[in-house]
Amino acid sequence: MTRVELRQLRYFVAVAEELNFGRAAERLLIAGPSLSQQIKALERDLGVRLFDRDRRSVSLTPAGAELLPHTRDLLARADDLRRRAGRLSGSQAVRLGYVNWLPPDLGSRTAAVARVHVDAWVAPSHTQAARVADGSLDLAVCWVRTEDLERLGLRARLIGADRLYAVAKGTDTSDLPARDTDVLIDDDITSWASWNEYAEELTRAVGARAVRISDGAVTGPAYFDHVRRCTRPVLNSPKGQTTPLPPDLVRREVVAPKVYWTWSLVWRAGEDRAGVLAVVDALSEGVGDLGIHAPDAWLPAGDPYALPG
């Protein structure tokens, strides 16, 4: 029993409620084979079989049905313990970095659990993730790939997503297939490494056209100049999501597929301070999938929230 983790118990409850490993994996934002392995490990450590399963169905065993309400109660008490610890650590300062987006309700979500200090240095995603890894920050809101998390020893939860759109000349505001867009890729990898990785994979996946630039105009006023020069609509970046458009340009929604950029909250895998973990829970609670798992949505293959297959 000493090996049983709360995470595994949460997996047990999810499978018991869904009675389908695929749906439970989607709900938990993990891969199906990993979920199956964790359930088998839990059954081994508990010494009982929790589920009867074959190719067509999943059902609770009598032991699983008996343990389910006790597991829910244990998880509820664990959540209450973390909330209480978070309140006790409310005087602890937690350093949070970001790129350009923060949850609009960050203050109200975290006020009861910690004093969150938003770092004044706004830096690219790869920089902020590295700062968390080296201890310069406790948390960061940034874009990361699964390989980044593994390489830097970080964990992540989904807390936001931008659906990217295109900006075009003229008056046509109709939906636009992703393959008919231009995507700007900048030579400056110090500033645009994360965007360039994302953009290059997008162009390969959907057939959009890569446009190489060297003036940092992925966003800002110079971006609009590129739109005017390009012969096709130009995909907007996450940094330009809320920038007002000039009167001579229009917004066009990108479809087939809908293109999403995810925002992760990242922290060190070995983090054990109650205040930091309480902020993680406060900012990620009830977020949902934000549309990124719709059948017509696109994420890069290395995105931590991309579904397998």
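See the structure above.
This write-up is about the structure you can find in this document.

A closer look at the overall build of the protein chain
1) Next: The secondary structure content of the protein chain amounts to 10 helices and 14 strands.
2) Next: Judged by the C-alpha coordinates and their principal axes, the protein chain covers about 65 × 50 × 30 Å.
3) Next: Working note: accessible area of the protein chain is about 15,200 Å², and carbon and sulfur atoms make up 51% of it.
4) Next: Both charge centroids of the protein chain, one from 40 positive and one from 41 negative side chains, sit 3 Å from each other.

Focus on the nonpolar core
1) Next: Among the nonpolar cores identified, the biggest contains 61 residues, and Leu139, Trp195, Tyr198, Leu202, Val259, Leu265 and Val266 are the most heavily contacted of them.
2) Next: Discounting chain neighbours no more than four positions away, the residues touching leucine 139 are Val94, Arg95, Leu96, Gly97, Val132, Leu265, Val266, Trp267, Val276, Val279 and Val280.
3) Next: Listed in part, the 20 residues of the second largest apolar core include Tyr11, Val15, Ile30 and Leu42.

Topic: helix α10 (residues 274–284)
An α-helical turn contains 3.6 residues, so any two residues separated by three or four positions project in the same direction.
1) Next: Burial of α10 is extensive: 9 of the 11 residues sit out of reach of the surface.
2) Next: Glycine 286 lies just past α10 and shows a positive phi near 70°.

Some remarks on the environment of proline 233
1) Next: Tracing the backbone through its elements, the reader meets proline 233 in the loop between α9 (221–229) and β11 (234–235).
2) Next: Here proline 233 falls in the buried class, since its relative accessible area comes to 11%.
3) Next: In contact with proline 233, not counting residues within four places along its chain, are Ala166, Val167, Ala168, Leu176, Asp180, Thr181, Asp182 and Arg252.

A closer look at the packing of aromatic side chains
1) Next: With the rule as written, the count across this model stands at 11 aromatic pairs.
2) Next: Taking 6.2 Å as the distance between ring centres and 70° as the angle between the ring planes, the aromatic pair formed by phenylalanine 21 and phenylalanine 51 counts as edge-to-face. On the criterion of sequence distance, the pair formed by phenylalanine 21 in helix α2 (residues 21–28) and phenylalanine 51 in strand β1 (residues 51–53) is long-range, its members being 30 residues apart. Phenylalanine 51 matches phenylalanine 21 in its accessibility class, with the two residues each being buried.
3) Next: Pairing tryptophan 143 with tyrosine 198 gives two aromatic rings, centres 6.0 Å apart and planes at 85°, and the pair type is edge-to-face. Of this pair, tryptophan 143 sits in the loop between β5 (139–142) and α7 (146–152) while tyrosine 198 sits in helix α8 (residues 189–206), placing them 55 residues apart in sequence. The exposure classification of tryptophan 143 matches that of tyrosine 198, with both residues buried.
4) Next: Grouped by ring-pair contacts, the aromatic residues Trp101, Trp143, Trp195, Tyr198, Trp261, Trp263 and Trp298 constitute a single cluster.
5) Next: Against the face of tryptophan 192 rests lysine 239, its NZ or CZ located 5.4 Å from the ring centre.
6) Next: Positioned above the aromatic ring of tyrosine 165, the side-chain terminus of arginine 251 is 3.8 Å from the ring centre.

Some points on the side chain of threonine 203
1) Next: Position of threonine 203 among the secondary structure elements: in helix α8.
2) Next: Taking the relative accessible area as the measure of exposure, threonine 203 reaches 12% and is therefore buried.

As for the environment of arginine 268
1) Next: Along the polypeptide, arginine 268 turns up in strand β13 (residues 258–268).
2) Next: The spatial distance from the C-alpha of arginine 268 to the C-alpha of proline 104 is 24 Å, given a sequence separation of 164 residues.
3) Next: The residues contacting arginine 268, other than those within four sequence positions of it, are Val132, Ala133, Gly135, Leu137, Asp138, Gly153, Leu154 and Arg273.
4) Next: In this structure the side chain of arginine 268 is engaged in a polar contact, spanning 2.7 Å, whose partner is the backbone oxygen of leucine 137.

What counts, and at which threshold
- Each chain has its residues counted from 1, following the order in which its sequence is written.
- Since the coordinates come from a predicted model, pLDDT governs what is reported: local features require at least 70, and pairs of side-chain atoms require 80 or more to be given and counted, while whole-chain, interface and lining totals use all residues.
- The basis for every side-chain value is the complete set of non-hydrogen atoms in the structure, without hydrogens or water.
- Helix and strand definitions follow DSSP, with helices as H or I runs of at least four residues and strands as E runs of at least two, each counted in order from the N terminus.
- In these tables, accessible area is a Shrake-Rupley quantity obtained with a 1.4 Å probe, and a residue counts as shielded only by the protein chains included in the view.
- The convention is simple: Lys and Arg are positive, Asp and Glu are negative, and His and the chain ends are not counted.
- Charge positions come from single atoms, namely NZ of Lys, CZ of Arg, CG of Asp or CD of Glu.
- The definition of a nonpolar core used throughout is a set of buried Ala, Val, Leu, Ile, Met, Phe, Trp, Tyr and Cys residues joined through side-chain atoms within 4.5 Å.
- With a 1.4 Å probe rolled over the protein chains alone, any residue whose accessible area is under 20% of its type maximum counts as buried; one over 50% counts as exposed, and the rest are partly exposed.
- In what follows, residue pairs with any heavy atoms lying within 4.5 Å of each other are defined as contacts.
- Note on ring pairs: Phe, Tyr and Trp rings are taken, using the six-membered ring of Trp, and paired if centres are within 6.5 Å. Classes follow the plane angle, with under 30 degrees stacked, over 60 edge-to-face and the rest tilted.
- Here, a charge over a ring is recorded when the distance from Lys NZ or Arg CZ to the ring centre is within 6 Å and its angle to the ring normal is within 35 degrees.
- Counting of polar contacts relies on pairs of N or O atoms within 3.5 Å, with two restrictions inside protein: one atom must be capable of donating a hydrogen and the other of accepting it, and residues adjacent in sequence are counted only when both atoms are side-chain atoms.

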